[in-house]
Amino acid sequence: MTHTSEKPRIRVPSGRYRVVDSADHLELWRQVDKTPTTAVREASVDGQQITTLDAMHVIETATKVFGPMGIGWGYRIEDERFDVGAPILGNKGELIAHEQTHTIRLVLWYRWHGERGEVTQFGHTRYIYRTGTGKWKTDGEAPKKSITDAIKKCLSLLGFSADVYYGKFDNKDYTQAQQAATRIAVAEDQDAEIEKLRQDYADWLKRECETLRHQIPHPKSIELAASRMIDRIPDKASMARVEPDKGRDMIIKARDEGIARVYAEKEKTKQPQEVTQND
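Throughout this description, residue numbers start from 1 for each chain and increase along the sequence as written. Side-chain atom pairs in this predicted model are given and counted only at pLDDT of 80 or more, local residue features only at pLDDT of at least 70, and totals for whole chains, interfaces and linings cover all residues. To get the side-chain values, all heavy atoms of the structure are used, and hydrogens and water are removed first.

J.: I'd like a rundown of the overall build of the chain, residues and numbers included.
T.: Comment: elements are numbered from the N terminus, with helices defined as DSSP H or I runs of at least four residues and strands as E runs of at least two. A count of helical and extended segments in the chain gives eight helices and eight strands. Type-normalised accessible area, obtained with a 1.4 Å probe on protein chains alone, sets the label of each residue: buried when under 20%, exposed when over 50%, and partly exposed for intermediate values. Burial analysis of the chain (279 residues in total) assigns 34% to the buried set. Any two residues having at least one pair of non-hydrogen atoms within 4.5 Å are treated as being in contact. Across the chain, the fraction of contacts at a sequence separation of at least 24, relative to all contacts at a separation of at least 6, is 58%.

J.: Describe the pattern of salt bridges, and please don't skip the residues or the numbers.
T.: We define a salt bridge as a side-chain nitrogen of Lys or Arg found within 4 Å of a carboxyl oxygen belonging to Asp or Glu. Under the criterion given, the structure shown has 21 salt bridges. Between K34 and D33 there is a salt bridge, and its shortest N-O distance comes to 3.4 Å. K34 sits in the partly exposed class, given a relative accessible area of 44%. Linking R76 and E118 is a salt bridge whose minimum nitrogen-to-oxygen distance equals 3.1 Å. Taken as a pair, R76 in strand β5 (residues 73-89) and E118 in strand β7 (residues 115-130) lie far apart in primary sequence, 42 residues in all. Residue R76 is classed as partly exposed on the basis of its relative accessible area of 34%.

J.: Give a description of a negative patch on the surface that names residues and reports values.
T.: A grouping of E188, D189, D191 and E195 is seen on the molecular surface, where their side chains present a negatively charged patch. Counting through the fold element by element, E195 comes out in helix α6 (residues 190-214). Each patch is built from residues lacking any salt bridge and having more than 30% relative accessible area; the joining distance is 9 Å for like charges and 5 Å for nonpolar side chains (Val, Leu, Ile, Met, Phe, Trp, Tyr). Note that accessible areas follow from Shrake-Rupley with a 1.4 Å probe, and for residues the cover is restricted to the protein chains shown. We score Asp and Glu as negative and Lys and Arg as positive, and we do not count His or the chain ends. To locate a charge, take atom NZ for lysine, CZ for arginine, CG for aspartate or CD for glutamate.

J.: Please give an account of the environment of R248 that cites residues and values.
T.: Inspection of the secondary structure puts R248 in helix α8 (residues 245-278). Placed 15 residues apart in sequence, R248 and I233 show a C-alpha to C-alpha distance of 6.9 Å. With near-sequence residues (within four places) excluded, R248 lies in contact with I230, I233 and P234. Among the polar contacts listed, one links the side chain of R248 to the side chain of D245, at a separation of 3.0 Å. Within 3.5 Å is the distance limit for a polar contact, defined as a pair of N or O atoms, with the added protein rule that one can donate a hydrogen and the other accept it, and that residues adjacent in sequence qualify only through two side-chain atoms.

J.: Can you explain unusual backbone geometry? Please cite residues and give values.
T.: Non-glycine residue H113 carries a positive phi angle of around 55°. The phi dihedral of R241 is positive, around 60°, even though this residue is not glycine. Its relative accessible area of 43% is what places R241 among the partly exposed residues.

J.: Requested: an account of a nonpolar patch on the surface, with residues and values cited.
T.: A grouping of M69, Y75 and I77 is seen on the molecular surface, where their side chains present a nonpolar patch of about 250 Å² in accessible area. By the element assignment, M69 lies in the loop between α2 (55-66) and β5. Taking relative accessible area as the criterion, M69 reaches 41% and is therefore assigned partly exposed.

J.: Just give me the short version of the nonpolar core, but keep the residues and values in it.
T.: Counting 25 residues, the largest nonpolar core has F66, L106, L108, Y110, L155, L158 and F160 as its most contacted members. Mapped by element, the contributors of at least two residues to this core are α1 (27-32), α2, β6 (95-112) and α3 (142-157). Once residues lying within four places of it in the same chain are set aside, the contact partners of L155 are V58, A62, F66, L108 and F160. We call a set of buried residues a nonpolar core when its members are Ala, Val, Leu, Ile, Met, Phe, Trp, Tyr or Cys and they connect through side-chain atoms within 4.5 Å of each other. Of all hydrophobic cores here, the second largest spans 17 residues; its members include W204, I222, A225 and V262.

J.: If you had to explain the sheet that holds strand β8 (residues 136-138) to someone new, which residues and values would you point to?
T.: Being paired, for any two strands, means DSSP has found at least two bridges between them. Strand order in this open sheet of four strands is β5-β6-β7-β8, and the pairing throughout is antiparallel. Looking at which strands have only one partner, the edges of the open sheet turn out to be β5 and β8. Put simply, the sheet's adjacent strands are angled 25° from each other on average, direction ignored. As paired strands, β5 and β6 are joined by 14 bridges and run antiparallel to one another. Bridge pairing in β6 links L89 to L95. Helix axes are fitted only over the stretch in contact, all axes being lines through C-alpha atoms; the angle between N-to-C directions runs from 0 to 180 degrees. Each of β5, β6 and β7 is contacted by α3, which is oriented at about 140° to β7, the strand it contacts most.

J.: Report on the pairing of β6, specifying residues and quantitative values.
T.: Hairpin remark: β5 followed by β6, antiparallel, with five residues in the connecting loop; positive phi at G93, about 85°. With 13 bridges joining them, β6 and β7 adopt antiparallel strand pairing. Bridge assignment links Y110 to a residue of β7, and that residue is G117. Linking two consecutive strands that pair antiparallel, namely β6 and β7, is a turn of two residues; a positive phi of about 55° is found at H113 within it.

J.: How would you summarise the packing of aromatic side chains if you had to cite specific residues and measurements?
T.: Two aromatic rings from Phe, Tyr or Trp, using only the six-membered ring of Trp, form a pair when their centres are within 6.5 Å; if the ring planes differ by under 30 degrees the pair is stacked, by over 60 it is edge-to-face, and anything between is tilted. Counted under the stated rule, the structure contains six aromatic pairs. A ring pair is formed by F66 and F160, whose centres lie 5.9 Å apart and whose planes are at 50°; its orientation type is tilted. Taken together, the residues F66 in helix α2 and F160 in the loop between α3 and α4 (162-165) connect sequence positions 94 residues apart. One exposure class covers both F66 and F160, and it is buried.

Spelled out as structure tokens, the structure:
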């Protein structure tokens with residue numbers, strides 16, 4: 001008879017069973033989801049500003065986690081083709097050719113806790129196309145770029161650099177937190193760098209608390225400001241390598257004191273009017 005409290009088990013290649021805790025399902029994800037700011041950059045694609053990810057960063061991270069390519073992880077190409085795109089017209093409107101996109105279907109395999117897994121994704125690269133200046137271009141490195149594109153997509157499904165795909169680098173506080181983590185990682189004196197970041201965090205908390213206590217004139221505005229501050233605390237605390245709970249409690253206390261101050265001031269302004277009416 002199986003008890004409901006018994007943890008699930010899976011069969012491993014050796015034929016034995018391994019206990020699986022549901023918390024294990026995100027173990028790999030949490031290990032690889034953060035990206036240093038040195039591995040991202042801003043780029044303009046079709047008029048849009050996007051955050052691009054350095055392929056060598058995720059390849060290096062995969063090697064750290066799984067082992068050397070070809071032993072701990074690797075890939076195979078299952079399909080490759082050139083897809084026909086928009087028509088290319090001559091000066092008189094006659095059809096000359098078509099734009100082309102190189103496409104591959106790539107299977108990425110890896111070993112994790114003694115088990116083999118596979119992820120499949122497509123990679124695409126413009127091969128023959130019109131540039132932004134109106135000139136036609138043939139990209140001879142399209143197949144290589146498609147492989148890189150597919151590898152990044154496959155690894156993203158495992159959680160690699162998930163913060164980039166979540167769009168977290170669009171958030172200023174998150175970007176600053178990752179910049180701080182990068183500075184700590186490369187600093188000669190890491191303790192001194194952490195202490196500086198902690199002082200910056202403490203100064204920020206003090207300024208925000210003072211604003212809530214003394215500078216905002218309406219209770220609703222105080223609540224809204226406090227809510228925004230609390231949303232920022234996790235990234236701010238992460239920069240300082242401290243737990244966010246204490247900072248959150250400080251903001252809540254300052255919020256309550258600020259609201260109490262507003263109501264006290266309103267009561268104080270009513271008192272002279274009441275005295276005059278009684279007279």
